[in-house]
Amino acid sequence: MIHLDINEEGNYKTTAELARKTAKSASFLVSGKVVSMLIQVFMFVVVARLLLPKGYGIYTLALSTAGFASAVGSLNIGTYLNERIPFLIAKKKTHQIKNALGDAAIAIVLPGVALSLIGIALSVPIAEYVLHSVALYPVIIIAMATIAFSFIYNSFNLILVGFHDGKSSGIGMILYSVVQAVFSILLVYLAGTLQGKIEGAIAGYIIALFAASLFQIFASSKPYGISFEIKGMRKRIGEMLRFSMPLTYSNIIGTIVTNFSVIFLGIFVLPSFVGYYGVASRIGTLIDVVAGTMATVLIPMFAEAINSKGISGKIDRFFYYSVYFGLLFTTPMVLYVTVFAHALMNTLFSSYYNGSTFYMQLVGIGMLIGILGSFATQLVISTRETKVVFKYSLYVGIVEFLALLVLVPIFHVVGLIAAMLYVGGLATDILFMRYLKKKGIRISFGKDLRILLANIILGVFLALLFLVGNPEIMLAAGILVILVAYPPILVKIGAVADEEMKLLRKIGGGVPLVGRILNMIIGYAEIFL
């Protein structure tokens, strides 16, 4: 089994107790992400329509350049506190919590500001070599300004999750989405030139990050306060970095490869094709909302499970259900996007983006491949074996980079998707499966495979909707078919049984909104037992 370096006993005696607390935090977080996602979809559609493929391609390249530059400065302080704060709260170490928040703010802001300034100073040559036009350097300047604010927003969101404050995290995400939607659409609409529209879209992103970051800092410091105690700060930040630097190196590798892939694609194709890929990949990001949220919430859950003597031996069960529920809720989303890709593109983005249809289908299916590796990564982080994460990320990064060099020049956008999602996802899964087996964590895929079978059957029902002809009716009917047909199919083929339903009821008990929705769905599914 996993070697535990921390021996303090936690406060959770049963699996259901910890799962319920985690689910309560997750319910607010997921609710916030769902609302945020809907707002983001609306903004995304409007902005993409106004920019058209060429403009959206330049927008994608500019933000990918900023992401490439930000890779070296993200120190993963938020991840450290996400894992550490539950322990400090359990031990009532209030002073340490206050210091940790102050230290984190310093360690997050300074590298972000420095990288933004460096990127701004190099904006002219970057515009020339990446965007192929010196005149577009203002676009790069604005894009580079996103680095500092994105560090703060992403880090403090993780910190709020560590506090089990899913409510504030959810509110912060909704605030971010509302502000971005209002300002991005307004600034793009008012701009008279394509370059002005692109600058407006990115400026709206910056304003949203700034507003949400202020809220998150306030929410994080409200329960215990925040302290900027100079004495011992260097030592305390050093402790944070000893945990987070392997994750930082891992993040550097992943971020560099991800953003390099878009810049590399820009060498071989026109900006409009980068725009097609940008739209498809953004849809993939939205699909990942459920799995990504669950993975984030699992860090403190795994950490507390490992440190609680009553349930530490059940960590393999936690992991099994993490992957199981990740597939259960994510797969029908992927199926919907894959089946109705063409209708979605025409209805939401207009015929200008028809070139994205096949790419969106490839991205959707590819999102499922890396689920196992995603949850396994959170488990490894919880055991504080961050060097393992770095080592595996290095291996995967090398594989992805080599695949990009081979596939992108030949297959262009398809090559990029294949390298990053299919080759990279499989490499991640294989490495972490070996790790889990080595640590004695049992892996069972019986019901996971049944979930996939259930979605294949569901796909047949969805395909029949093509007889309707009207895209809007088809899309609405597809959602209805999933809600009505998915639960009974899961039950009849044995993907969901009484055990899973009982666990879902226990987890959902007392959880606002999510618990009630779960109980309604479970009650409907139980009819078919």
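Residues numbered from 1 in each chain as written. Predicted model: local features only at pLDDT ≥ 70, side-chain atom pairs only at ≥ 80, totals over all residues. Heavy atoms only, no water.

Now for the overall build of the chain. In terms of helices and strands, the chain carries 20 helices and zero strands. Every one of the 529 residues in the chain was classed for burial, and the buried ones make up 57%. Considering only contacts in the chain between residues 6 or more positions apart, those separated by 24 or more positions represent 84%. Accessible surface for the chain amounts to roughly 22,100 Å². Of this, 70% is attributable to carbon and sulfur atoms. (Helix = DSSP H or I, 4+ residues; strand = E, 2+ residues; numbered from the N terminus. Buried < 20%, exposed > 50% of the residue type's maximum accessible area, 1.4 Å probe, protein only. Contact = heavy atoms within 4.5 Å. Areas by Shrake-Rupley, 256 points an atom, 1.4 Å probe, with all protein chains shown as cover.)

Grouped together as the largest cluster of nonpolar side chains are 137 residues, with contacts concentrated most on Leu81 and Phe349. If we skip the residues at most four places from it in the chain, Phe349 touches Phe44, Val45, Ala48, Arg49, Val279, Ile283 and Leu344. Counting residues in each nonpolar core, the second largest holds eight residues, with Met173, Tyr176, Val179 and Ala208 among its members. (Core = buried A, V, L, I, M, F, W, Y, C linked by side-chain atoms within 4.5 Å.)

A packed helix pair is summarised by two numbers, namely the angle formed by the two axes and the spacing between the axes. With their axes 9 Å apart at the nearest point, helix 12 (residues 341-349) and helix 18 (residues 471-492) run at an angle of 120° to one another. When the axes of helix 12 and helix 18 are compared, the pair comes out oblique. Seen along the crossing, helix 12 lies across helix 18 with a hand that is left-handed. For the pair helix 12 and helix 18, the contacting residues are Ala343, Leu344 and Thr347 in the first and Pro471, Glu472, Met474 and Leu475 in the second. A per-class count over the contact of helix 12 with helix 18 returns five nonpolar, one polar and one charged. (Axes fitted to C-alpha atoms, helices over the stretch in contact; angles between N-to-C directions. Parallel < 35°, antiparallel > 145°, perpendicular 65-115°, else oblique. Left-handed = near helix turned anticlockwise from the far one by under 90°. Nonpolar A, V, L, I, M, F, W, Y, C, P; charged D, E, K, R; others polar.)

Among the surface-exposed residues, Leu394, Tyr395, Ile398, Phe401, Leu402, Leu405, Val406, Ile410 and Phe411 lie close enough to one another that they form a single nonpolar patch of about 820 Å² accessible area. Along the chain, Leu405 turns up in helix 15 (residues 386-411). By relative accessible area, Leu405 is classed as partly exposed at 37%. (Patch = residues over 30% accessible without salt bridge, like charges linked within 9 Å, V, L, I, M, F, W, Y side chains within 5 Å. Salt bridge = Lys/Arg side-chain N within 4 Å of Asp/Glu carboxyl O.)

The subject of this paragraph is the pattern of salt bridges. As enumerated under the stated definition, the model contains one salt bridge in all. Between Arg236 and Asp103 there is a salt bridge; the shortest N-O distance is 2.6 Å. Of the two residues, Arg236 sits in helix 8 (residues 233-268) while Asp103 sits in helix 3 (residues 94-121), which places them 133 residues apart along the sequence.

Our focus in this paragraph is unusual backbone geometry. Note: most residues except glycine have negative phi, and most peptide bonds are trans. For Leu52, which is not a glycine, the phi torsion comes out positive at approximately 65°. Along the chain, the position of Leu52 falls in helix 1 (residues 15-70). According to the relative accessible area criterion, Leu52 is partly exposed, its value standing at 34%. For His412, which is not a glycine, the phi torsion comes out positive at approximately 55°. Inspection of the secondary structure puts His412 in the loop between helix 15 and helix 16 (413-438).

A few words on the confidence of the model for the chain. Of the residues in the chain, 81% have a pLDDT of 70 or more, and the chain-wide mean is 80. Confidence drops under a pLDDT of 50 for residues 298-307, and excluding neighbours within four residues, the segment shows 47 contacts in the predicted structure. (pLDDT = per-residue confidence, 0-100.)

What follows covers the side chain of Asn455. Checked against the element boundaries, Asn455 lands in helix 17 (residues 446-463). Within the structure, Asn455 has its side chain in polar contact with the side chain of Tyr486 (distance 3.4 Å). Discounting chain neighbours no more than four positions away, the residues touching Asn455 are Thr331, Pro332, Leu335 and Tyr486. (Polar contact = N/O pair within 3.5 Å; in protein donor to acceptor, adjacent residues only side chain to side chain.)

So, about the packing of helix 6 (residues 166-190) against helix 7 (residues 194-221). Packing of helix 6 against helix 7 leaves a shortest axis separation of 7 Å and a crossing angle of 155°. Taken as axis vectors, helix 6 and helix 7 run roughly antiparallel relative to one another. As helix 6 packs across helix 7, the resulting crossing turns out to be right-handed.

This part covers the packing of aromatic side chains. Within the structure shown, the criterion is met by 17 aromatic pairs. Centroid distance Tyr56 to Tyr59: 5.3 Å. Interplanar angle 40°. Geometry classified as tilted. With Tyr56 and Tyr59 both in helix 1 and three residues apart, the pair spans about one turn of that helix. Tyr56 gets classed as buried once you look at its relative accessible area, which sits at 3%. Taking relative accessible area as the criterion, Tyr59 reaches 7% and is therefore assigned buried. (Phe/Tyr/Trp six-rings, centres within 6.5 Å; stacked < 30°, edge-to-face > 60°.)

Within the element layout of this structure, Ala62 appears in helix 1. The spacing of Ala62 and Ile141 is 79 residues in sequence and 9.3 Å in space, taken between C-alpha atoms.

For Ser116, the position within the fold is in helix 3. It is 8.4 Å that separates the C-alpha atoms of Ser116 and Ala66, two residues lying 50 residues apart in sequence. Beyond its immediate sequence surroundings of up to four residues, Ser116 is in contact with Met144, Ala145, Ile147 and Ala148.

This brings us to the side chain of Gln40. Locating Gln40 in the fold gives a position in helix 1. Look at Gln40 and you get buried, because its relative accessible area is 9%. In this structure the side chain of Gln40 is engaged in a polar contact, spanning 3.4 Å, whose partner is the side chain of Ser177. Leaving out residues up to four positions away in the same chain, Gln40 has contacts with Tyr176, Ser177, Gln180 and Arg282.

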